[in-house]
Amino acid sequence: MAGFALGWSDADGRPGNGDRGKAVRPAVALLSAEAVGGTAESALPGAVAVELVHAFSLVHDDIIDHDEWRRHREALWKAYGVGPALLAGDALLALAVGQLAARPEAIPYLSAALVELVQGQTADMAFESRPWRGPDEVTVEEYTDMAAGKTGGLLGAAAAMGVALGGAPQLADRLWGMGRDLGVAFQIVDDMLGIWGDPAVTGKPVYSDLRREKKTLPVLVALAAGVPAARELSALLTEGDMDEDSLRHAAGLVEEAGGRDAARCLADRYMSSVLEVLDRHLPDAEELRAVCDSVVNRVH
Ligand SMILES: CC(C)=CCC/C(C)=C/CC/C(C)=C/COP(=O)(O)OP(=O)(O)O
């Protein structure tokens, strides 16, 4: 699949997330199949299924989080109402399952990914009502478990289905683990883009995670840093109800307390595990490697 390009620009070729998404998950599925000597076509049902489930999860997530913008456009619920958006999400899920009718051996991967997705999302939502600091604060380990489910489940399924449909089901477990690690790195970078990304490029507003008390990794590690900026950040967050200026100030404090660098470091550590698995099991998978690499080096 030489020259395969992710959807990194919109229909007019402008750089950015465009209105189509980056198609990382299907790319992982198709390239995983090719990496084991199969054809991209063999993994197509799996690739389409994971992207449809991803789309379903974004539609429902925007409803849950009241996020009004997605991919430079109004979120579906904002444009059409909550009821129609819920149902559209359900339809996307049904279409995903239908994709696997011709390859029923892939259904268990999709089903397991959905359970992980829902468990991760449930944990993420529960974290919002936990305090920023204190005995009940969210730990880095809890965060990485949540991210491995919420974001890693589908990436794991994409990679596992890719190798299984490509003819090497014996590698599926290894690749599933690789995908989960990739998901943690992906989610950490997502958290960083939510604070320091350019909304004109990401297609989403900045600071919405901070405003909603989402326990994102840069903030968690900044708060635990034990430096003056961390204490000031803790006081600001605990006070709550921040306006735009306080949110900008909080973002500066996260960076000053080392949250940005530490988040980057942890994302790189997870990427090293990803690359280790690829080196060991799929040493010639250069395009797959490049796609995985783009996950941590992206700006949208
Ligand atoms: C059950 C339920 C509602 C789960 C929600 C799970 C959820 C929304 C996880 C977030 C994953 C994530 C980083 C999305 C952005 O993907 P991306 O950057 O690949 O987006 P793109 O397709 O727009 O490029």
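The structure presented is a predicted model; accordingly, all values stated were derived computationally and were not measured.

## Considerations on the overall build of the protein chain
Move 1: Assigned secondary structure in the protein chain consists of 15 helices and two strands.
Move 2: Taking 2.2 N^0.38 as the reference for a compact globule, 300 residues should give roughly 19 Å; the C-alpha atoms of the protein chain span a radius of gyration of 19 Å, in line with that estimate.
Move 3: For the protein chain, the spread of C-alpha atoms along the principal axes amounts to about 55 × 45 × 40 Å.
Move 4: Out of the 300 residues in the protein chain, the part that is buried amounts to 53%.
Move 5: Long-range contacts, defined here as pairs at least 24 residues apart, represent 70% of the contacts in the protein chain between residues at least 6 apart.
Move 6: With an accessible surface of roughly 13,300 Å², the protein chain has 54% of that area assigned to carbon and sulfur atoms.

## Here's the deal with the packing of helix α8 (residues 172-196) against helix α15 (residues 286-296)
Move 1: The geometry of α8 relative to α15 is characterised by a closest axis approach of 8 Å and an angle of 30 degrees between their N-to-C directions. As far as their axial angle goes, α15 and α8 are roughly parallel. For the pair α8 and α15, contact is made by Met178, Leu182, Ala185, Phe186 and Val189 and by Cys292, Val295 and Val296, respectively.
Move 2: Residues belonging to the contact of α8 with α15 are distributed by class as follows: eight nonpolar, no polar and no charged.

## Points about a nonpolar patch on the surface
Move 1: Nonpolar side chains collect at one region of the surface, where Val82, Leu86 and Leu87 lie side by side and expose about 260 Å² of accessible area between them.
Move 2: In this structure Val82 comes out as partly exposed when scored by relative accessible area, which is 41%.

## Examining the site of the ligand
Move 1: Of all residues adjacent to the ligand, which total 18 residues, the nearest are Lys22, Arg25, His54, Arg71 and Gln121.
Move 2: Contacts to the ligand include His54, whose side-chain N or O atom sits 2.7 Å from an oxygen atom.
Move 3: Arg71 is positioned such that a nitrogen or oxygen atom in its side chain is 2.7 Å from an oxygen atom of the ligand.
Move 4: Among the detected pockets, the ligand sits in the largest pocket.
Move 5: Sorting the residues of the shell around the ligand by element identifies α2 (44-65), α5 (107-128) and α8 as the ones contributing at least two each.
Move 6: Among the elements that make up the shell around the ligand, the one with the highest residue count is α2 (five residues).
Move 7: Along the lines of polarity and charge, the residues of the shell around the ligand split into three nonpolar, eight polar and seven charged.

## So, the layout of surface pockets
Move 1: Within this model, the largest pocket holds a volume of roughly 940 Å³.
Move 2: Lining the largest pocket are 45 residues, with Leu58, Asp61, Arg70, Lys150 and Asp190 positioned closest to its centre.
Move 3: Elements that contribute at least two residues to the lining of the largest pocket include exactly α1 (24-35), α2, β1 (69-70), α5, α6 (140-150), α8 and α10 (208-211).
Move 4: For the lining of the largest pocket, the leading source of residues is α2, giving nine residues.
Move 5: Split by residue class, the lining of the largest pocket holds 14 nonpolar, 13 polar and 18 charged.
Move 6: When its volume is computed, the second largest pocket comes out at roughly 310 Å³.

## Thoughts on α1
Move 1: Helix length check: α1 (12 residues) gives 16 Å between terminal C-alpha atoms against 16 Å at 1.5 Å per residue, within 8%.
Move 2: In terms of residue burial, α1 counts as a mostly covered element, since 10 of its 12 residues are buried.
Move 3: Within the span of α1, buried status applies to Val24, Arg25, Pro26, Ala27, Val28, Ala29, Leu30, Leu31, Ser32 and Ala33.

## Focus: the pattern of salt bridges
Between side chains of opposite charge, pairing is possible as soon as their charged atoms come close.
Move 1: A complete count under the given rule lists 21 salt bridges for this structure.
Move 2: Here Asp67 ties to Arg212 by a salt bridge, and the two come within 3.3 Å at their closest N and O atoms. One end of the pair, Asp67, is in the loop between α2 and β1; the other, Arg212, is in the loop between α10 and α11 (217-223), and 145 residues separate them in sequence. Judged on exposure class, the residue Asp67 and its partner Arg212 are both buried.
Move 3: In this structure, Asp209 engages Arg212 in a salt bridge whose closest nitrogen and oxygen atoms are separated by 3.4 Å. We note that Asp209, like Arg212, is buried.
Move 4: Salt bridges linked by common partners bring Asp65, Asp67, Asp124, Glu128, Lys150, Asp209, Arg212 and Lys214 together as one network.

Definitions and cut-offs
- Residues numbered from 1 in each chain as written.
- Predicted model: local features only at pLDDT ≥ 70, side-chain atom pairs only at ≥ 80, totals over all residues.
- Heavy atoms only, no water.
- Helix = DSSP H or I, 4+ residues; strand = E, 2+ residues; numbered from the N terminus.
- Rg over C-alpha atoms; globule rule 2.2 N^0.38 Å.
- Buried < 20%, exposed > 50% of the residue type's maximum accessible area, 1.4 Å probe, protein only.
- Contact = heavy atoms within 4.5 Å.
- Areas by Shrake-Rupley, 256 points an atom, 1.4 Å probe, with all protein chains shown as cover.
- Axes fitted to C-alpha atoms, helices over the stretch in contact; angles between N-to-C directions.
- Parallel < 35°, antiparallel > 145°, perpendicular 65-115°, else oblique.
- Nonpolar A, V, L, I, M, F, W, Y, C, P; charged D, E, K, R; others polar.
- Patch = residues over 30% accessible without salt bridge, like charges linked within 9 Å, V, L, I, M, F, W, Y side chains within 5 Å.
- Salt bridge = Lys/Arg side-chain N within 4 Å of Asp/Glu carboxyl O.
- Near = heavy atom within 4 Å.
- Polar contact = N/O pair within 3.5 Å; in protein donor to acceptor, adjacent residues only side chain to side chain.
- 1 Å grid on protein atoms, 1.4 Å probe; cavity = no way out; pocket = protein on both sides within 12 Å on 5 of 7 lines; lining within 4 Å.
- Sits in = over half its atoms within 2 Å of the grid points.
- Points joined across faces, edges and corners; volume = space filled by probe spheres on them.
- Expected span 1.5 Å × (residues − 1).

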